[in-house]
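# Tertiary structure, described
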Amino acid sequence: MAKLISKDKLDDLLSRLKEQEKYEVFAPVEVDGVTLYQHINKVPSLEFTNSNKPPKDLFFPQTETMFQLERDDKVFVGTKDIETSSDPILVLGMRPCDSRAMLILDKLFYWDYVDPYYKDRRDRTTIISFTCTLPNMPKESCFCTSMGGAPDSNEGADMLWTDMGDVYYVESLTDKGNKLLELGGNLFTDSDQAHDSKVAEIKVNAKKAISRKLDTNGVKEALEKSFESDYWDEFAARCLGCGICTLLCPTCHCFDIYDVISNGEGRRERTWDSCQYSHYTAHASGHNPRPEKKHRQRNRIYHKFLYMENNLDIIGCVGCGRCISGCPVNIDIIEVAEGIKEAEGIKEAEGIKEAKND
Amino acid sequence: MTDNVYKPTTATIKSIQLEAGGGRPIRTFKIQVDEQEARDQFLHKPGQFAIISYFGSGESVFAINSKPNKDGIIEFSVMRVGNVTGKLHELEEGDKVGVRGPYGNSFPVEDWKGKDIVFIGAGIGVSPVASVYRYVLAPENRKDYGNVTVIYGARTPKDLVFKDEFKTFEERDDLDLWLCIDWKFGPKGPTGESAMKGWPAINMQAPGETKVDSNRKFTAFVPQLVEVVKPNPENAVAVTCGPPIAIKFITQALDKLGWGADQIYTTLENRMKCGIGKCGRCNIGDVYVCKHGPVFTYKEVKDMVPEF
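Residues numbered from 1 in each chain as written. Chains lettered and ligands numbered in written order. Predicted model: local features only at pLDDT ≥ 70, side-chain atom pairs only at ≥ 80, totals over all residues.

## A look at the sheet that holds strand S7 (residues 125-130) of chain A
All names here are of chain A. Sheet architecture is open: eight strands sit in the order S3-S2-S6-S7-S8-S9-S1-S10, paired in mixed fashion. Of all strands in the sheet, those bounded by a partner on one side alone are strand S3 (34-39) and strand S10 (188-190). For this sheet, the mean inter-axis angle between neighbouring strands, taken without regard to orientation, is 30°. (Pairing = 2+ DSSP bridges. Helix = DSSP H or I, 4+ residues; strand = E, 2+ residues; numbered from the N terminus. Axes fitted to C-alpha atoms, helices over the stretch in contact; angles between N-to-C directions.)

Below is the structure:
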């Protein structure tokens, strides 16, 4: 049965979680006009359009130390584990698009080999998604409903909360969510029929608020035959190669691994990398399989809409819109995907254009 | 924490062999994994690769060229081209490196039993092929396979790697060794005068018509030498490796001789960091060299998107 929690009880809930189980809590916080996930001790306003930076770095930090290097006199001869926390983590207020992105990252980071750093944080973290009632990023860029998601999707979340003014409507979805209900105890009260029907209405309205659409029908087919198309020159011509589309993407996962020595101490780090950078694929010999920006932009689109699906049976885009709102030269993934269908004549051939206009 | 796939185990350098000098020298390192438990886990198959750490500088990916063993012995050849490879070239016997793996798929040597095998390598590219010919030529396995032919070429005699081993090949009667060098070619191809002494030039216009006697050394490019040797495709597989351009021409030569693309095996290389399909970058279309490869049939290679 769904529960309710009064907004003025949230700080009490936080205190209980911290005192009883040492939860570390993260929530979207607006700082200088930018919304970012931050460690919190008191609950912030939580009225936000989606965070500018995706929450993936709570699980896969932009830079992290993998282990230290063991020193023997002047040289490094092995590895030394670093201390890690075992305390539980709570993310309060993830958007459903970003929670769904976790399912994509799960597939990748558990693909045959388990990534221990990701898994450790993922296992320790409870995700509370918020029904997205303030959906649009600046420039109206998000399109979750086109990518199989919805503003009230609970996929990837442990709980789904819906803002109802004075209270949150609380749906627990997993054992981790139930554990939170248990710890919160009497702070959660049973929902009633009035709230149940009101929440249904809020969810319907939230879906209506998603204005942008990408018709994914035909995208895969178009990509399968357009690898060498001139289309890629055309749309990549204005790309700056800055990589912001990948850094802001909640599902992009590429990284670099390297050693760092500072003050005589050595460590191995990994850091986000991007398929938009030329050195990313460059061989030591100087040969580069993706020498130009068009090859790299093409890889981004193909990876999301074709490669991920072929290898992991999931499309690598959740429609959060960050790559659109963040691009300094207005490259728009929806226009790119629609455009390739058009370039390949797939829209006309399959009557998709008409379907879209309905 | 779960077992950490990224954490290398330590190994000690047992021997270092300078294979080729020049601006980009090649050294072959033989290392042994230190801990018994780690040795038991590092049971590589022919064609797989390892990720080697120079602690304090980073990691680099190398084809393993030692034959499978239970002693944690790993051999790999390193061309000095960058940071980590530069550091590795400074190491001495007894020094420590890190190693993780083995990763990737392997040559299907079980399926090849009873077949003739032709190994074709060019330059340092022979390295990934070495693990499989060493497996096939090992006394305990040799009887499982038919005729073995090795065709190998490099720019100059000095650039031919694994010299000691190839010397033993010349003495073996259970394999046919063909070598070539190509540095003597002028703009018009090889001529009688330009060929190196003891390495006669082949007929470049019609390599297949080159007169062959007992000599097995030529001034030629590897693909043309393949046409001289004329390996028979019947009940046979070819294993080839080298720079992409060499592979392309080698397979064209094999095609002329009636070989099918699915009879030809090769290994591919791409820049890699993780080796386990997570860091991105090594993909050719949806094919991850680290996970789906590095061993592919030429038929599979032809089906890939043109992004090499």
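## Quick notes on the pairing of strand S1 (residues 9-20) of chain B
Looking down a regular strand, the side chains alternate between one sheet face and the other. Residue and element names in this part refer to chain B. Across four bridges, S1 lies against strand S6 (residues 96-103) in antiparallel orientation. Residue pairing in the sheet places Thr9 in a bridge with Val99 of S6. The hairpin turn running from S1 into strand S2 (residues 26-33), its antiparallel successor, is five residues long, and Gly22 in that turn takes a positive phi close to 85°.

## Quick word on helix H1 (residues 10-21) of chain A
Residues separated by three or four positions in an α-helix point in the same direction, a consequence of the helix having 3.6 residues per turn. Residue and element names in this part refer to chain A. For H1, with 12 residues, the first-to-last C-alpha span of 16 Å sits near the 16 Å given by 1.5 Å per residue. All buried positions along H1 are accounted for by Leu13, Leu14 and Leu17. One side of H1 carries all its buried residues, which in axial view fall inside an arc of 100°. Along H1, exposed side chains directed more than 90 degrees from the buried face belong to Asp11, Ser15, Glu19 and Gln20. In this fold, the buried residues of H1 make contact with strand S1 (3-6), strand S2 (24-31), strand S6 (89-94) and helix H4 (175-184). Just past H1, the residue Lys22 takes up positive phi, approximately 60°. (Expected span 1.5 Å × (residues − 1). Buried ≥ 20, exposed ≤ 12 C-beta atoms within 10 Å, placed from the backbone. Arc of directions from axis to C-beta. Contact = placed C-beta atoms within 7 Å.)

## Here we look at the interface of chain B and chain A
Contact residues are listed per partner, giving 37 residues for chain B and 43 residues for chain A. Contributions of two or more residues to the side of chain B that touches chain A are made by strand S4 (58-63) and S6 of chain B. Classifying every residue of the side of chain B that touches chain A gives 12 nonpolar, 14 polar and 11 charged. (Nonpolar A, V, L, I, M, F, W, Y, C, P; charged D, E, K, R; others polar.)

## Some words on the sheet that holds strand S5 (residues 73-79) of chain B
Residues and elements named next belong to chain B. Taken together, six strands build an open sheet; the order of strands is S4-S3-S6-S1-S2-S5 and the sheet is antiparallel. Lying at the two open borders of the sheet, with one neighbouring strand each, are S4 and S5. Going across the sheet, the axis of each strand differs from the next one's by a mean of 40°, ignoring polarity. Pairing geometry for strand S3 (residues 49-54) and S4, over six bridges, is antiparallel. In the sheet register, Tyr54 faces S4, and the bridge partner there is Gly58.

## Focus: the domain arrangement of chain B
Residues and elements named next belong to chain B. Assigned domains of chain B: these are domain 1 (9-103) and domain 2 (116-267). Taken together, the contacts link 14 residues of domain 1 with 14 residues of domain 2. For the side of domain 1 that touches domain 2, the secondary structure elements donating two or more residues are S1 and S5. For the side of domain 1 that touches domain 2, the class distribution of residues is seven nonpolar, five polar and two charged. (Domains from an automatic or database assignment.)

## Observations concerning unusual backbone geometry
Excluding glycine, a negative phi dihedral is what most residues carry, and trans is how most peptide bonds are arranged. For the peptide bond that leads from Gly101(B) to Pro102(B), omega is -5°, which places it in the cis range. In this structure, Pro294(B) follows Gly293(B) across a cis peptide bond, with omega equal to 10°. Looking at the secondary structure, you find Pro294(B) in the loop between strand S14 (287-288) and strand S15 (295-297). Although it is not a glycine, Asp32(A) adopts a positive phi angle of roughly 50°. For Asp32(A), the location among the structural elements is in the loop between S2 and S3. Residue classification places Asp32(A) among the exposed positions, given that 5 C-beta atoms sit within 10 Å. For Asn235(B), which is not glycine, the phi torsion reads 45° and is therefore positive. Within the element layout of this structure, Asn235(B) appears in the loop between helix H6 (222-229) and strand S11 (236-241).

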